[in-house]
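# Fold and geometry: a report
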Amino acid sequence: MSAPAVPPAHEADNRAGPVTPAWTPEHEVDVAQAAALLAEQFPALRAAPVTLLATGWDNTVHLVGGEWVFRFPRRAVALRLLAHETAVLPRLVGRLPLPIPVPELIGVPSARFPWPFWGARLVPGVELADTGLPDDRRTRAAADLGGFLRALHDPALAALVMGDSDPAAVLPHDPMRRGDPAVRGPQAREWLAGLAASGLWQPDSAVFGLLDEAEPLGPADGPPVLVHGDLHQRHLLLGDDGRATGVIDWGDVCLADPAVDLSLAYSGFTGPARAALLDAYGPVPPERAARARVLAVNISAVLAEYAHAEGRAALLREALAGVSRAAR
C-alpha cells in the first residue's frame, strides 16, 4: 500500500478555495513514536524496522517490517473515517477484483497516542500519479479499474457486505456532496482561480464550459451504491507492467451516486484508455458523466494546489493534466 490519500477532497472547514492548508496535523506520529506504540500493543512487531512511508491530509503512514502498513490519524476529523474503513473493508475481502487494504491489527488509544490506528498487509504498487505513464499506455490499468468499479457499484454489494446491518446506518450518504455539481462546480472555480493566480494553470474555456453546463444538474436522485468516495490518481496503484495492483485509502467510503468514483475515469484517463474503462464498467448516462467530470475538475484542482504547496512535482503535473482531461 502506498501513500494514504492525499488529499481526500473533503475540506474540514468547508472552504470554497485554498486559504489555510487543511492538511496541517493535530498529531503527527514519527518513526520513534510509531515503533513504541507497536511494541506496546503488538509485541510480535517489536523488532520490526519502522520507516515513514507517507503523510497525507488525514494520516501518517509507516511501513513496518516491509510487510505491514500502519495508518495513524493526523486530524480528529479522520477518526470517523477510520471507523468506516475498519467496519467496511474486512467485509469486502474476496468480493472485488483488485486488492484492497484490510485492517487486521487495530490499535487502541493510550497514554502514548490518544486515537485508534490500524495496520494492514502491504498492497504493492506505485500510485498512478507517480508512474509518469503517458495517456496512451494507461489502457490496461483503465480496463482493470473499470471492472473493479463495476463490482464495487453492484447495487447488491452494500447490502451483502453489511449483512444484517442497514448500510445507511453504518455509512453516510455522500456527506461531502461530491456528487452534486452545484456544490463541487463553484468550489472547483475557486481552486482554479488560485492556481491561475499562482501561474500554475492557464484558464481553459473547455473547463469552464463543462462547469457552466453541469452545475445546474444538482445531485442525482437515483439509488446510491457503495463507493470508494475519494478515488483519484493517488489511490490507484499500478505495477511495472502497467496493470492495476490495488485501490487504497478508503476513509471516505460511503453511499453515493456512482459518479463520485467515476470521476477518475475522466481525470486519470482519456482516449482509448477511458474507452477501455467505460467498456469494462458499462454504460454511463450523460448526466452521470457530467457529474463525474465536475468532480474530476474539483479533485484535480485540489490535488494541484496541495502538490504545489508540498513540492510534489509529479503529482502537480498529473493533477493539472487531470483538469484538462476532465473537460475532454
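In this text, all values refer to a predicted model and were calculated from it rather than measured experimentally. (Residues numbered from 1 in each chain as written. Predicted model: local features only at pLDDT ≥ 70, side-chain atom pairs only at ≥ 80, totals over all residues. Heavy atoms only, no water.)

### Here's the deal with the overall build of the protein chain
The secondary structure content of the protein chain amounts to 12 helices and 10 strands. Against the globule reference of 20 Å for 328 residues, the protein chain gives a C-alpha radius of gyration of 19 Å, in line with a compact fold. Every one of the 328 residues in the protein chain was classed for burial, and the buried ones make up 55%. Contacts spanning at least 24 positions in sequence make up 73% of the contacts within the protein chain whose residues lie at least 6 apart. As displayed, the protein chain has an accessible area near 12,600 Å², and 55% of this comes from carbon and sulfur atoms. Side-chain charges of the protein chain comprise 28 positive and 38 negative groups, with the mean position of each set lying 2 Å from the other. (Helix = DSSP H or I, 4+ residues; strand = E, 2+ residues; numbered from the N terminus. Rg over C-alpha atoms; globule rule 2.2 N^0.38 Å. Buried < 20%, exposed > 50% of the residue type's maximum accessible area, 1.4 Å probe, protein only. Contact = heavy atoms within 4.5 Å. Areas by Shrake-Rupley, 256 points an atom, 1.4 Å probe, with all protein chains shown as cover. Lys, Arg positive; Asp, Glu negative; His and termini not counted. Charge placed at Lys NZ, Arg CZ, Asp CG, Glu CD.)

### Notes on the pattern of salt bridges
Where charged atoms of side chains with opposite charge meet at close range, the side chains can pair. In total, this model carries 20 salt bridges according to the counting rule given. A salt bridge links E318 to R138; its shortest N-O distance comes to 2.8 Å. Separated by 180 residues along the polypeptide, E318 in helix α12 (residues 313-326) and R138 in the loop between α3 (128-131) and α4 (139-152) bring together distant segments of the chain. Exposure class is identical for E318 and R138. Each is buried. Bridged by salt links that share partners, the residues D135, R138, E318 and R325 form one connected network. (Salt bridge = Lys/Arg side-chain N within 4 Å of Asp/Glu carboxyl O.)

### Quick notes on helix α8 (residues 205-214)
Along α8, the residues that are buried comprise V207, L210, L211 and A214. For α8, the angular spread of the buried residues around the axis is 95°, confining them to a single face. Residues of α8 that are exposed and point over 90 degrees away from its buried face: S205 and E213. Two or three places before A206, at the start of α8, stands the capping residue D204, its side-chain oxygen 2.9 Å from that residue's backbone nitrogen. (Arc of directions from axis to C-beta. Polar contact = N/O pair within 3.5 Å; in protein donor to acceptor, adjacent residues only side chain to side chain.)

### Some details on the layout of surface pockets
As a volume, the largest pocket reaches approximately 220 Å³. Lining the largest pocket are 14 residues, and of these H153, P155, V225, P258 and Y281 lie nearest its centre. Taken together, the residues of the lining of the largest pocket break down into seven nonpolar, three polar and four charged. What the second largest pocket holds in volume is close to 170 Å³. Forming the walls of the second largest pocket are H173, D174, R177, G179, D180, P219, A220, G222, P224, A256 and D257. Its residues assigned to classes, the lining of the second largest pocket shows four nonpolar, three polar and four charged. (1 Å grid on protein atoms, 1.4 Å probe; cavity = no way out; pocket = protein on both sides within 12 Å on 5 of 7 lines; lining within 4 Å. Points joined across faces, edges and corners; volume = space filled by probe spheres on them. Nonpolar A, V, L, I, M, F, W, Y, C, P; charged D, E, K, R; others polar.)

### Some remarks on the environment of P97
Positionally, P97 belongs in the loop between α2 (78-92) and β4 (105-107). Setting aside residues up to four positions removed in sequence, P97 forms contacts with G147, F148 and A151.

### Examining unusual backbone geometry
One non-glycine residue, R177, adopts positive backbone phi at about 55°. Tracing the chain through its elements places R177 in the loop between α6 (167-170) and α7 (181-197). The phi torsion at D249 lies on the positive side, around 55°, for a residue other than glycine. With respect to the helices and strands, the residue D249 is situated in the loop between β9 (244-247) and β10 (254-256). By relative accessible area, which is 4% here, D249 ends up buried.

### Description of the packing of α7 against α8
How two helices pack is summed up by the angle between their axes together with the distance between the axes. Relative orientation of the contacting elements α7 and α8 amounts to 155°, with a least axis distance of 9 Å. Here α7 is positioned roughly antiparallel relative to α8, judged by the angle of their axes. In this structure, α7 crosses over α8, and the sense of that crossing is left-handed. Along the contact surface, α7 presents P181, G185, A188, R189 and L192, while α8 presents V207, F208, L211, D212 and A214. (Axes fitted to C-alpha atoms, helices over the stretch in contact; angles between N-to-C directions. Parallel < 35°, antiparallel > 145°, perpendicular 65-115°, else oblique. Left-handed = near helix turned anticlockwise from the far one by under 90°.)

### With respect to the pairing of strand β5 (residues 117-121)
Of all five residues that make up β5, four are buried, and the element is covered over most of its length. Two elements, strand β3 (residues 68-73) and β5, share four bridges in a ladder whose sense is antiparallel. By the bridge assignment, R71 is partnered in β5 with W118. Relative to β5, β4 is paired through three bridges, and the arrangement is antiparallel. Bridge assignment links I106 to a residue of β5, and that residue is W118. (Pairing = 2+ DSSP bridges.)

### Observations concerning the side chain of R291
Position of R291 relative to the elements: it lies in helix α11 (residues 286-310). Discounting residues that sit within four places of it in the chain, R291 has contacts with G179, P181, L217, G218, P219, A220 and A259.

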